[in-house]
Amino acid sequence: MDFALAFAQAITKGLLTGMVYGLMALGLSVIFGVMRVVNFAHGEIMVVGMYLAWLGFELAGVSPLVSLPAIALLFFAAGYALQAGLITPFINRPEHQQFLLLLAIAILLVNVCLVLAGPDARGVQSEAMFDSYAIGPLVLDAVRVHAALAAIAIAGLLWAFFTRTRTGKSIRAAADNHMSALVVGLDVRRLYAFTFGVGSACVGAAGALMITIVPVNPFLAAEYTLLAFVIVIVGGLGSMTGALLGGLLIGVSEAVAGLLLQPSLKSMFSFGLLILVLLLRPQGLFGGKAGT
Amino acid sequence: MSIVRLLIGGATPRALALLAALLAFLVAAPAFLGPYALSVAILILYFAFVGQAWNIMMGFAGQLSLGHALYAGLGGYIAAGLFFHYGIGPWVGAFVAVAVAVLAGCIVGYLGFRFSLAGVYFALLTIAFSEFTRIAFDHWTWAGGSGGLFLKVQGGVTDILNLRGGATLFYYAILILAVGAFVLCRLLLESRLGRYWLAIREDAEAAQAVGVPVFRCKMIAIAISAALTALAGVWNAFYYNNLFPETAFAMGRSIEITLAPIIGGLGTLFGPIVGAVVLTGMGELFTDLTEHLKISGLKQIFYGLALLVIVIWRPAGVWPWLAKRLGVEERGR
């Protein structure tokens with residue numbers, strides 16, 4: 001009985017963390033799905049978001065949940081500028097050149113964090129950290145619940161943006177058929193910049209949520225990049241629901257692996273899952289179209 | 001005669017003269033280089049060698065691997081483990097190391113190519129295998145687990161049979177490997193297999209259609225590349241005398257391997273060499289510049305900026321541009 005409870009506890013914890021993972025992966029998925037550019041600096045952008053939220057809390061006592069909209073807006077502008085300024089000329093270049101460009105950006109971002117904040121772990125600590133909600137015998141950390149709810153809300157906003165607004169629909173049109181989008185007169189370069197902005201805003205918001213759960217250090221960046229890749233491949237690259245469900249799946253599998261095996265083995269589980277999905281269902285568990 | 005023609009055919013006399021001068025310089029270098037300069041030269045040769053190995057897959061056959069640390073790590077761990085546990089020297093251990101790395105390469109290749117994963121998807125598969133192995137080695141006590149594996153350092157002893165000795169020994173070992181890989185790559189490129197690889201790189205479907213055995217050619221590419229990378233791993237393990245899963249199989253190690261050929265010029269024979277000189281030179285320069293400031297990360301910022309400048313300014317690599325400047329472009333290419 002004790003074990004069943006611990007198991008249920010681990011699964012709910014995994015689901016809650018998985019929502020934030022999902023939001024992070026959503027940013028990667030949106031960028032890849034539209035531009036076919038693989039953002040190798042994704043985890044680095046996430047870590048910058050975590051540091052900014054931490055900074056807001058340290059300097060002004062602003063809760064990361066409150067500073068989140070400002071961070072998202074800032075990241076949208078930065079992502080827009082990055083795409084418009086640096087990445088656009090690389091859109092039709094070979095993959096390895098895009099890889100090198102984003103790698104250089106990643107190295108810059110993570111080391112600016114290292115220079116400014118140092119290698120030590122930085123966390124947000126407040127009384128609210130110890131609050132919890134009880135559902136029957138299950139005890140849920142309040143911060144995790146808040147982070148998961150916020151992630152769901154942001155994903156909902158994103159969904160509304162892509163299905164209800166003119167810009168969102170145009171972006172999807174450009175993703176479906178680049179040439180036709182040009183033919184009907186869409187400003188594809190601007191849409192691409194907008195997309196990178198939206199993707200960056202997503203991952204920046206995910207960073208602000210993640211800092212309430214996990215303390216940040218610069219070396220997390222590469223881990224998050226890999227994790228985001230694992231999630232979107234498992235869920236299906238370019239699929240929004242796939243990214244969210246993939247996030248949940250990886251969150252739960254990490255939590256369960258940490259409970260049943262050693263915590264240090266948890267990512268082996270995720271990578272094993274990644275290999276299986278790549279081989280058996282490369283379009284992802286929840287992706288409709290075959291991956292190419 | 002025909003081998004000689006294969007090796008130097010198409011090169012201008014000027015290019016051959018420059019190449020001979022470079023080789024003479026490299027052979028004589030330990031006689032006049034100080035310990036620091038020698039260690040930098042060793043680093044350059046290491047990256048040139050391992051870059052050449054990676055270039056076979058990406059530059060020739062067009063398969064992007066971001067998990068080459070897997071083969072270097074396996075090679076290093078197996079040779080070092082055999083020496084550490086059973087006293088088996090690296091000359092024998094290298095054969096086992098290469099065999100295991102080739103097997104690993106064939107598994108990755110078979111799975112990837114059978115299911116026709118390409119581009120980013122194949123790259124992610126290679127990363128996944130490398131990461132998977134890293135965590136496995138973290139928990140494998142024979143290999144020392146996460147605490148690492150250490151080889152005994154005997155000062156002043158030169159024992160070529162067990163690859164124990166000073167910097168000069170390791171310099172010549174890596175020089176022989178680098179020159180050997182260069183010659184091998186040249187011969188491969190001139191062979192039928194090399195032409196097949198280039199056809200696959202340019203358009204795999206068209207190559208298949210005209211009867212190129214695409215799957216087999218890709219498998220040979222990954223096997224040769226893994227074998228050479230494993231040798232680099234063996235050399236690396238005995239040069240540094242320590243191995244940790246966190247570094248040996250790290251994604252950073254894999255990325256390091258890809259940089260010299262990409263920066264130098266993908267698919268060219270001199271690209272990995274020029275790239276290794278540029279990257280190592282930059283690394284050392286920035287270390288010197290930032291050393292007295294004692295700010296960790298500053299060196300990497302310079303490094304990132306330099307990469308950014310290179311990829312924007314010379315996206316096809318430094319070598320094609322440099323070759324034009326030196327007047328040593330090959331005829332008929």
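Residues numbered from 1 in each chain as written. Chains lettered and ligands numbered in written order. Predicted model: local features only at pLDDT ≥ 70, side-chain atom pairs only at ≥ 80, totals over all residues. Heavy atoms only, no water.

Enquirer: Please explain the pairing of strand β1 (residues 132–135) of chain A as it appears in this structure.
Expert: Each regular strand shows side chains that alternate between the opposite faces of the sheet. Residues and elements named next belong to chain A. Relative to strand β2 (residues 138–141), β1 is paired through four bridges, and the arrangement is antiparallel. Opposite Ala134, over in β2, you have Val139 as the bridge partner. Taken together, β1 and the strand that follows it, β2, pair antiparallel across an intervening segment of two residues, in which Gly136 is found at a positive phi of about 60°. (Pairing = 2+ DSSP bridges. Helix = DSSP H or I, 4+ residues; strand = E, 2+ residues; numbered from the N terminus.)

Enquirer: Help me understand the nonpolar core in this model?
Expert: Nonpolar side chains tend to gather and get buried jointly when the protein is soluble and globular. One finds Leu23(A), Met24(A), Tyr224(A), Tyr171(B), Trp197(B) and Phe238(B) to be the most contacted residues of the largest nonpolar core, which totals 217 residues. Sorting elements by how many residues they give to this core places helix α3 (residues 35–60) of chain B first, with 17 residues. Non-local contacts of Trp197(B), meaning those with residues more than four positions away in its chain, are made with Ile56(B), Phe60(B), Ala61(B), Leu188(B), Cys217(B), Ile220(B), Ala221(B) and Ile224(B). (Core = buried A, V, L, I, M, F, W, Y, C linked by side-chain atoms within 4.5 Å. Buried < 20%, exposed > 50% of the residue type's maximum accessible area, 1.4 Å probe, protein only. Contact = heavy atoms within 4.5 Å.)

Enquirer: Please explain the confidence of the model for chain B as it appears in this structure.
Expert: Residues shown with low pLDDT carry predicted positions that ought not to be read at fine detail. This prediction gives chain B a mean pLDDT of 88; 98% of its residues lie at or above 70. Taking the mean pLDDT of every element in chain B, the minimum, 72, falls on helix α1 (residues 2–8) of chain B and the maximum, 95, on helix α10 (residues 214–240) of chain B. (pLDDT = per-residue confidence, 0-100.)

Enquirer: Explain the pattern of salt bridges here, please?
Expert: Where side chains of opposite charge bring their charged atoms close, a pairing between them can arise. Tallied over the entire structure, the rule returns seven salt bridges over all chains. The salt bridge involving Asp141(A) is made with Arg144(A); its shortest N-O contact spans 3.3 Å. Note on Asp141(A): relative accessible area 33%, which makes it partly exposed. As a salt-bridge pair, Arg253(B) and Glu256(B) come within 3.6 Å of each other at their nearest N and O atoms. Of this pair, Arg253(B) and Glu256(B) both sit in helix α12 (residues 251–264), three residues apart, which is roughly one turn of the helix. A relative accessible area of 33% places Glu256(B) in the partly exposed class. (Salt bridge = Lys/Arg side-chain N within 4 Å of Asp/Glu carboxyl O.)

Enquirer: Help me understand a nonpolar patch on the surface, please; the structure alone is not making it clear to me.
Expert: All names here are of chain B. Residues Ile3, Val4, Ile8, Leu16, Leu19, Leu22, Phe25 and Phe32 make up a contiguous nonpolar surface patch of about 660 Å² in total accessible area. Examining the composition of the nonpolar patch, we find that five residues originate from one element, helix α2 (residues 13–32), more than from any other. With respect to the helices, strands and loops of the structure, Ile3 is situated in helix α1. A relative accessible area of 46% means that Ile3 is categorised as partly exposed. (Patch = residues over 30% accessible without salt bridge, like charges linked within 9 Å, V, L, I, M, F, W, Y side chains within 5 Å. Areas by Shrake-Rupley, 256 points an atom, 1.4 Å probe, with all protein chains shown as cover.)

Enquirer: What exactly am I supposed to notice about a positive patch on the surface here?
Expert: All names here are of chain A. A contiguous patch of positive charge on the surface is contributed by Arg164, Arg166, Lys169 and Arg172. Among the elements that line the positive patch, the one with the most residues is helix α6 (residues 166–176), at three residues. Residue classification places Lys169 among the partly exposed residues on the basis of a relative accessible area of 45%. (Lys, Arg positive; Asp, Glu negative; His and termini not counted. Charge placed at Lys NZ, Arg CZ, Asp CG, Glu CD.)

Enquirer: Looking at this structure, how should I read the interface of chain A and chain B?
Expert: Often the size quoted for an interface is simply the accessible area lost on bringing the parts together. Facing 39 residues of chain A, the contacting portion of chain B comprises 39 residues. Both faces considered, chain A and chain B share a buried interface measuring about 3,700 Å² in area, 85% of it formed by carbon and sulfur atoms. Among the residues chain A hides against chain B, the three largest losses belong to His96(A), Leu100(A) and Leu279(A). Together they make up 17% of the total. In this assembly, chain A and chain B are joined by zero salt bridges. Counting the contacts that link chain A with chain B gives one residue pair in polar contact (both at pLDDT 80 or more). Counting residues per element, the ones that place at least two in the side of chain A that touches chain B are α4 (95–117), α9 (220–235) and α11 (266–280) of chain A. Tallying contributions element by element places α4(A) first for the side of chain A that touches chain B, with 15 residues. (Buried area = accessible area lost by both parts, 1.4 Å probe. Polar contact = N/O pair within 3.5 Å; in protein donor to acceptor, adjacent residues only side chain to side chain.)

Enquirer: Any chance you could explain the environment of Leu82(A) here in plain terms?
Expert: Residue and element names in this part refer to chain A. With respect to the helices, strands and loops of the structure, Leu82 is situated in helix α3 (residues 64–87). Put simply, Leu82 and Leu249 are 167 residues apart on the chain and 31 Å apart in space, counted from C-alpha to C-alpha. Setting aside residues up to four positions removed in sequence, Leu82 forms contacts with Ile87, Ile105 and Phe196.

Enquirer: I tried to follow the side chain of Gln83(A) on my own but got confused; where do I start?
Expert: Residues and elements named next belong to chain A. Along the chain, Gln83 falls in helix α3. Classification of Gln83 as buried rests on a relative accessible area of 0%. If sequence neighbours within four positions are ignored, Gln83 has contacts with Met35, Thr88, Ile91, Tyr192, Ala193 and Phe196.

Enquirer: What exactly am I supposed to notice about the packing of helix α7 (residues 167–190) of chain B against helix α8 (residues 192–202) of chain B here?
Expert: Residue and element names in this part refer to chain B. Between α7 and α8, whose axes approach to 4 Å, the crossing angle comes to 75°. The pairing of α7 with α8 is recorded here as roughly perpendicular in orientation. Facing Leu188, Leu189 and Glu190 of α7, the residues of α8 in contact are Arg192, Leu193, Gly194, Arg195, Trp197 and Leu198. For the contact of α7 with α8, the residue count by class is five nonpolar, one polar and three charged. (Axes fitted to C-alpha atoms, helices over the stretch in contact; angles between N-to-C directions. Parallel < 35°, antiparallel > 145°, perpendicular 65-115°, else oblique. Nonpolar A, V, L, I, M, F, W, Y, C, P; charged D, E, K, R; others polar.)

Enquirer: Help me understand the side chain of Ser65(B), please; the structure alone is not making it clear to me.
Expert: Within the secondary structure, Ser65(B) is located in the loop between α3 and α4 (69–86). If we ignore the near neighbours within four places in the chain, the residues touching Ser65(B) are Trp54(B), Met57(B), Thr126(B) and Thr258(B).

Enquirer: Quick question: what am I supposed to make of the packing of aromatic side chains here?
Expert: Remark: the centre distance and the inter-plane angle together describe each pair of aromatic rings, the angle taken between the planes. Per the stated rule, a full pass over the model turns up 31 aromatic pairs over all chains. Ring geometry for Phe161(A) and Phe194(A): centres 5.8 Å apart, planes at 15°, overall stacked. With a gap of 33 residues between them, Phe161(A) in helix α5 (residues 142–164) and Phe194(A) in helix α8 (residues 188–210) connect regions that are remote in the sequence. Residue Phe161(A) is classed as buried on the basis of its relative accessible area of 17%. Given a relative accessible area of 18%, Phe194(A) falls into the buried group. On the numbers, 5.2 Å between centres and 65° between planes, the contact of Tyr46(B) with Phe47(B) is edge-to-face. Both residues of the pair, Tyr46(B) and Phe47(B), count as buried. Through a chain of ring-to-ring contacts, three or more aromatic side chains come together here, namely Tyr46(B), Phe47(B), Phe170(B), Trp235(B), Tyr239(B) and Tyr240(B). Geometry around Phe215(B) places Arg114(B) over its ring, the cationic atom sitting 4.2 Å from the centre. Sitting above the plane of the Trp313(B) ring, Arg314(B) keeps its charged end 4.3 Å from the centroid. (Phe/Tyr/Trp six-rings, centres within 6.5 Å; stacked < 30°, edge-to-face > 60°. Lys NZ or Arg CZ within 6 Å of the ring centre and 35° of its normal.)

Enquirer: Hey, could you run me through the packing of α8(B) against α10(B) in this one?
Expert: A pair of packed helices can be characterised by two numbers: the angle between their axes and the separation between those axes. All names here are of chain B. Their axes nearest at 10 Å, the elements α8 and α10 cross at an angle of 105°. One finds that α8 runs roughly perpendicular with respect to α10. From α8, Leu193, Tyr196, Trp197 and Ile200 reach across to α10, where they touch Val214, Cys217, Lys218, Ile220, Ala221 and Ile224. The class makeup of the residues in the contact of α8 with α10 is nine nonpolar, no polar and one charged.

Enquirer: Sorry, what's going on with α8(B) here?
Expert: What sets the pattern is the α-helix's 3.6 residues per turn: residues three or four places apart point alike. All names here are of chain B. Among the residues of α8, those classed as buried are Leu193, Gly194, Trp197 and Ile200. Axial view of α8: buried residues confined to an arc of 120°, hence all on one face. Opposite the buried face of α8, by more than 90 degrees, sit the exposed residues Arg192 and Glu202. Near the N-terminus of α8, the side chain that reaches the backbone nitrogen of Leu193, with its oxygen 3.3 Å away, is that of Ser191. (Arc of directions from axis to C-beta.)

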